[in-house]
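# Topology and contacts: notes
Read off the chains here:
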Amino acid sequence: MQDWTVEDSCELYQIQGWGKPYFTINSAGHVAVAPRADKGGQIDLFELVEDIRQRGLSLPLLLRFSDILADRIARLNRCFNQAIVEYEYAGVYKGVYPIKVNQQRHVVEELVEYGRAYQFGLEAGSKPELLIALATLKTPGALIVCNGYKDSEYIETALLAQRLGQTPIIVLERFQELSLVIEAARKLNIQPILGVRAKLTARGIGRWGDSTGDRAKFGLSASEIMEVVEGLKRADLLPSLQLLHFHIGSQISAISVIKAALREAAQFFVELGSMGAPMQYLDVGGGLAIDYDGSKTNFRASKNYNTQEYAYDVVNAIQAACKAKGVPVPTLISESGRAIASHQSILIFDVVGTSGPNIAIPSPPTKNEHQILQNLYETYTQITRENVQEAYNDASQFKEEAASLFALGYLSLEDRARVESLYWGCCERILGLVRELDYIPDDLADLEQMMASVYYCNFSVFQSAPDHWAIDQLFPIMPIHRLDEEPTARGTLADVTCDSDGKIDQFIDLRDVKSALELHPLKPDEPYYMAMFLNGAYQEILGDMHNLFGDTNAVHIHLNSQQPEEQGYLIEHVVKGDSMTEVLKYVQYDHEALLESIRRETEQALREKRITLSESRLLLRHYERILSGYTYLTNHPKTEPALL
Ligand SMILES: *Cc1c(COP(=O)(O)O)cnc(C)c1O
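Each value, and the rule that gives it
- Residues numbered from 1 in each chain as written.
- Predicted model: local features only at pLDDT ≥ 70, side-chain atom pairs only at ≥ 80, totals over all residues.
- Heavy atoms only, no water.
- Core = buried A, V, L, I, M, F, W, Y, C linked by side-chain atoms within 4.5 Å.
- Buried < 20%, exposed > 50% of the residue type's maximum accessible area, 1.4 Å probe, protein only.
- Helix = DSSP H or I, 4+ residues; strand = E, 2+ residues; numbered from the N terminus.
- Contact = heavy atoms within 4.5 Å.
- Pairing = 2+ DSSP bridges.
- Near = heavy atom within 4 Å.
- Polar contact = N/O pair within 3.5 Å; in protein donor to acceptor, adjacent residues only side chain to side chain.
- Areas by Shrake-Rupley, 256 points an atom, 1.4 Å probe, with all protein chains shown as cover.
- Nonpolar A, V, L, I, M, F, W, Y, C, P; charged D, E, K, R; others polar.
- Phe/Tyr/Trp six-rings, centres within 6.5 Å; stacked < 30°, edge-to-face > 60°.
- Patch = residues over 30% accessible without salt bridge, like charges linked within 9 Å, V, L, I, M, F, W, Y side chains within 5 Å.
- Salt bridge = Lys/Arg side-chain N within 4 Å of Asp/Glu carboxyl O.
- Right-handed = clockwise from strand over helix to strand, strands pointing away.
- Axes fitted to C-alpha atoms, helices over the stretch in contact; angles between N-to-C directions.
- pLDDT = per-residue confidence, 0-100.

## Regarding the nonpolar core
- Among the nonpolar cores identified, the biggest contains 92 residues, and Y97, V196, L241 and L244 are the most heavily contacted of them.
- In terms of residue count, the dominant contributor to this core is helix α10 (residues 255-274) (11 residues).
- Not counting the four nearest positions on each side in its chain, L241 is found in contact with L194, G195, V196, V229, L232, L272, A277, P278 and M279.
- Core analysis: the second largest hydrophobic core is formed by 62 residues, L57, M478, L519 and Y569 among them.

Now the structure itself:
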């Protein structure tokens, strides 16, 4: 314990792997955020959370770092520009941000602002997202890529936006959209800018592998693309066809898959050109992955390439294909969502309690205690590295025997309790030895999880990490303080919903996945703050209101460069989480009607003298206060802000 250092914590939680260049651990043993990466400035995350709580905001809390968003956009553009310069590519890169990844107004507005210098545009995948894009994007020359299923209202709106000076590109995702586009263009007399989404044979792997291939939901097959070209020709609209789009799924962990897709798409591109379409844009979609576990491998929670390599590959593939056919190279577009939005958000939550196996420090049983206790104790004393498996089998068998003896009335409750503690004592000792083994026998693999404590956490997996629940996605999770202290406990996390799926028992690990996380034992009267990182993409909007836990509080933090000697950051926006009233309204309960009903019941109870006047006052006051309050735990001793 004495010689545990922050370096040990760095290594344990892999923060260098997934956190670089934004997250580290400082000498105080707190997680520190460097929102501008290597450009200076650091915020102590623990102090920031304490500060925000002093201002009266409760946990769970979503922190969004605007500077990280700015850095992500700058970085992506830098990588593409570097590739363009190195390969002497005769075109430019103009990325777009797919709104679906995080539609929060503040996020989209910031993205547009930080992207202005790079003519960064927006991608819409639906009508409401198109509305956001049209009203938000004010950058001359930036693109609006219109994806998703479209009706004529969508298409006409996109076309009319040209009159406002926007550059909307309508990507045909289904063959049926062709006739809608031709009709709208005629009706409005506006020349559309069109793209086609190709269904590639190159397949993603893992979770989103089905986004491409013959059975993919979106995209046109080769023969459909031929028909589109013919149809456009007949309508005199072939000059409109300028873009080729593909998207092979999200979180593509293997660069080989990306390379294969690029080669195939590049051929589609040059072929379309040779058929007379004035091709100007290649849109490589999303898929640029995040290294959630820091392992730099093609594991699903990682990626075996970096953004610079990705940019090199995009530039190289299309340049080679164009050169071979002697056609001009296109403007490059990518639709990276996850890679832009993930790092900016951190979910902070507190632990409200723990429970775990009741492990006794076994004392030898006296002579007249039950034989089973003698046996178990003997097993305990004889555990060695060589016989862990055997010892575990014995201990388990004695525990089962004890349960039978108890059921038959031969063992007292007190003895059974002793057996349990002794059993857990054996398991703990066995686990200590198993952890040092290179190879863990199958039977003992579950021991880690069995022995782990449950840390009860004040957040909802369904609201804040839906992808963990739905598709087993891994996010880096760790305490944000006490990191100069050895985390002697192991735990899994349970959320505050009453759903048994509301838990986290899969954690990042350099080798595969681990089933329990190293944590610190709680201290009385001291909060224990934990954070889930890299969850700025998809989680907020996919989150649901299971058990009526609503949106969390969210705070936008901006590094204060004007006065670095002062408090190092500005709190730019505070977006209050849902109140109980808001969440209830969503399921059609009216605040007033609820109160009225309780008031009537209380009056009745008063009349019948079932409740006293002061009790009724207290009940109504509670009811009313809860209605206007936060949906999460707020007045638990461990969660109450110190000054409020
Ligand atoms: C979801 C989606 C994206 C974003 O993908 P990421 O992997 O998050 O970058 C881009 N383009 C299309 C068409 C999408 O459906």
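## Regarding the sheet that holds strand β2 (residues 31-33)
- Across the sheet, 3 strands lie side by side as β1-β2-β3; this open sheet has antiparallel pairing. If you trace the sheet from one side to the other, it starts and ends with β1 (23-25) and β3 (43-44), each paired once.
- In this structure, β2 lies alongside β3, joined through 2 bridges in antiparallel fashion. Paired with A32 across the strands is D44, a residue of β3.

## Notes on the site of the ligand
- The environment of the ligand is made up of 16 residues, and the closest members are K100, S250, E335, G337 and Y538.
- One nitrogen or oxygen atom from the side chain of E335 is found 2.5 Å from a nitrogen atom belonging to the ligand.
- Calculation on the ligand without its partners gives an accessible area of 390 Å², and the protein chains cover 92% of this total.
- A per-class count over the shell around the ligand returns 2 nonpolar, 9 polar and 5 charged.

## Observations regarding helix α6 (residues 127-136)
- Of the positions making up α6, those classed as buried are E129, L130, A133, L134 and T136.
- Lining the buried residues of α6 we find α5 (105-115), β6 (121-124), β7 (143-146) and α7 (152-161).

## Here we look at the environment of V49
- For V49, the position within the fold is in helix α3 (residues 45-54).
- Considered as a pair, V49 and F475 are 426 residues apart in the sequence and their alpha carbons are 20 Å apart.

## Some thoughts on the packing of aromatic side chains
- Under the defined criterion, the tally for this structure stands at 18 aromatic pairs.
- Pairing F46 with Y529 gives two aromatic rings, centres 5.6 Å apart and planes at 45°, and the pair type is tilted. One end of the pair, F46, is in helix α3; the other, Y529, is in strand β21 (residues 529-532), and 483 residues separate them in sequence.
- With a relative accessible area of 15%, F46 lands in the buried category.
- Taken together, a centroid distance of 6.1 Å and an interplanar angle of 35° make the contact between Y377 and Y380 tilted. Of this pair, Y377 and Y380 both sit in helix α13 (residues 371-381), 3 residues apart, which is roughly one turn of that helix.

## Notes on a nonpolar patch on the surface
- Together, L548, Y586, V587 and Y589 make up a nonpolar patch on the protein surface, roughly 410 Å² of accessible area in all.
- With respect to the helices, strands and loops of the structure, L548 is situated in the loop between α19 (539-542) and β22 (553-559).
- With relative accessibility at 32%, the residue L548 sits in the partly exposed group.

## A short note on the pairing of strand β10 (residues 241-245)
- Counted residue by residue, β10 has 5 buried out of 5 residues, so it is predominantly covered.
- Pairing between strand β9 (residues 194-197) and β10: 4 bridges, direction parallel. Across the sheet, L194 pairs through a bridge with L241, a residue of β10.
- For the segment spanning β10, α10 and strand β11 (residues 281-283), crossover handedness is right-handed.

## A closer look at the side chain of S345
- With respect to the secondary-structure elements, S345 resides in strand β13 (residues 345-355).
- Not counting chain neighbours up to four residues away, the residues in contact with S345 comprise L62, L63, R64, M532, F533, L534, N535, G536 and E540.

## Description of unusual backbone geometry
- In this structure, the amide linkage connecting K20 to the following residue, P21, adopts the cis form with an omega of 0°.
- With respect to the secondary-structure elements, P21 resides in the loop between α2 (15-19) and β1.
- Residue P60 is reached from L59 by a cis peptide bond, and omega for that bond is -5°.
- Although it is not a glycine, Q119 sits at a positive phi angle of roughly 50°.
- For Q119, the position within the fold is in the loop between α5 and β6.
- For Q119, a relative accessible area of 31% puts it in the partly exposed group.
- Of note in the backbone geometry, Y538 takes a positive phi value of approximately 70° without being a glycine.
- Mapped onto the secondary structure, Y538 falls in the loop between β21 and α19.

## Points about the sheet that holds β10
- With respect to topology, 8 strands assemble into an open sheet ordered β5-β6-β7-β8-β9-β10-β11-β12, the strand pairing being parallel. Only two strands of the sheet have a single neighbouring strand rather than two, namely β5 (96-98) and β12 (331-333). In this sheet, neighbouring strand axes are inclined to one another by 25° on average, regardless of whether the strands run parallel or antiparallel.
- Of the strand pairs in this sheet, β7 and strand β8 (residues 167-172) are connected by 4 bridges, and their pairing is parallel. Across the sheet, V145 pairs through a bridge with I169, a residue of β8.

## Overview of the pattern of salt bridges
- According to the stated counting rule, one finds 27 salt bridges in the structure shown.
- With its nearest N and O atoms 3.6 Å apart, the salt bridge here joins E177 to R174.
- You can call E177 buried: its relative accessible area is 0%.
- Under the relative-accessibility criterion, R174 is labelled partly exposed at 26%.
- Across the pair E448 and R490 runs a salt bridge, and its minimum N-O distance is 3.6 Å. Remark: R490 occurs in strand β16 (residues 489-494) and E448 occurs in helix α16 (residues 447-451); sequence separation between them is 42 residues.
- Residue E448 is classed as buried on the basis of its relative accessible area, which comes to 15%.
- A residue is classified by how much of its surface remains accessible, and R490, at 22% relative accessible area, is partly exposed.

## A look at the confidence of the model for the chain
- Per-residue confidence for the chain gives a mean pLDDT of 93; residues scoring 70 or more make up 95%.
- For residues 639-644, every residue scores under 50 in pLDDT, and the model assigns this stretch 15 contacts once sequence neighbours within four places are set aside.

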